[in-house]
Amino acid sequence: MATFPADYSLSSGSAVVTIPAGQASATVTLSPTTDLLVEGTESATFTLAPGFGYALGSGVAGTIQIQDSPIDAWKIAAFGSLQNAQSPRAADAADWDGDGIANSVEFALDAAPTTPDTGRLPTVNRELIGGSEYLTLTFSRKKPAPAGVNYLIESTGDLTAAVWTPAVIAPGFPADNGNGTETVRARDTVPAPGRAARFIRLRVERQ
Ligand SMILES: [Ca+2]
Ligand SMILES: [Ca+2]
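Computed from a predicted model, the values in this text were never measured in an experiment. (Residues numbered from 1 in each chain as written. Chains lettered and ligands numbered in written order. Predicted model: local features only at pLDDT ≥ 70, side-chain atom pairs only at ≥ 80, totals over all residues.)

Considering the nonpolar core
- Core analysis: the biggest nonpolar cluster contains 27 residues, and A108 and L137 have the highest contact counts within it.
- Looking at which element gives the most residues to this core, the answer is helix α1 (residues 70-79), with 5 residues.
- A domain-level breakdown of this core finds at least three residues from each of domain 2 (70-118) and domain 3 (122-206).
- A108 has contacts with R141, P146, V149, Y151 and V204, leaving out every residue within four places of it along the chain. (Core = buried A, V, L, I, M, F, W, Y, C linked by C-beta atoms within 7 Å. Buried ≥ 20, exposed ≤ 12 C-beta atoms within 10 Å, placed from the backbone. Helix = DSSP H or I, 4+ residues; strand = E, 2+ residues; numbered from the N terminus. Domains from an automatic or database assignment. Contact = placed C-beta atoms within 7 Å.)

Observations regarding the pairing of strand β3 (residues 42-47)
- Of all 6 residues making up β3, only 0 are buried, and the element is barely covered by its neighbours.
- Relative to strand β4 (residues 61-66), β3 runs antiparallel, the two being bridged by 6 bridges. Note that in β4 the partner of F46 across the bridge is G62. (Pairing = 2+ DSSP bridges.)

Examining the environment of P5
- Inspection of the secondary structure assignment puts P5 in the segment before β1 (8-10).
- C-beta crowding within 10 Å serves as the criterion here: with 11 such atoms nearby, P5 is assigned to the exposed category.
- Here the alpha-carbon distance between P5 and T33, two residues 28 residues apart in the chain, equals 8.8 Å.

Points about unusual backbone geometry
- In this chain, K143 is followed by P144 through a cis amide linkage whose omega measures 0 degrees.
- Relative to the elements of secondary structure, P144 occurs in the loop between β6 (132-142) and β7 (149-156).
- The step from F173 to P174 runs through a cis peptide bond, and the omega angle for that step is 0 degrees.
- When you line up the elements, P174 lands in the loop between β9 (168-169) and β10 (175-176).
- In this structure, D110 takes a positive phi of about 60 degrees despite not being glycine.
- As for its position among the elements, D110 is in the loop between α3 (103-108) and β5 (123-129).
- In this structure, A162 is a non-glycine residue whose phi angle is positive, near 55 degrees.
- Among the secondary structure elements, A162 is positioned in the loop between β7 and β8 (165-166).

Set out below in structure tokens:
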């Protein structure tokens, strides 16, 4: 059961809505509140209240379902139960299967949070693009990209300063793999000829 106002807001501002005199209906818009909690699908019900001057027919209640955000629904499926998905093992930054990939990144890379699968990690190469050699980062994900997470590909030349700059999506990417996935490749912002030290990374952030 979803609770108001913690789980959703109503255009009426109140959980009680009065149908104006002479009107047959009132419109209320329910907007789910995005949170970081794994809750499973929750329901919200509107019920017509009895009163003077009108009679209630059948069907006096209407219920809608409010779904979890995609990553939280994925946690319930991947960890097997709502209870497991709410435990510390399923936290965004946790690494239950010990493969070095945090759960939120497992979600972003279409990997399994309960099976070591480092093969899904991004690969880093040097490639010629437009006649210059760049550091590139490549990974695959579902197409369309999973909702609720941002993919931030960033590069730097100085790890000590830790100033990261958004990388540039390489020409021809994202590339549709034709099987429900797409490959994303980004290049560094500046060429890295020879052995110039450059660094590139993928960061996953909740929206
Ligand atoms: Ca993991
Ligand atoms: Ca894994």
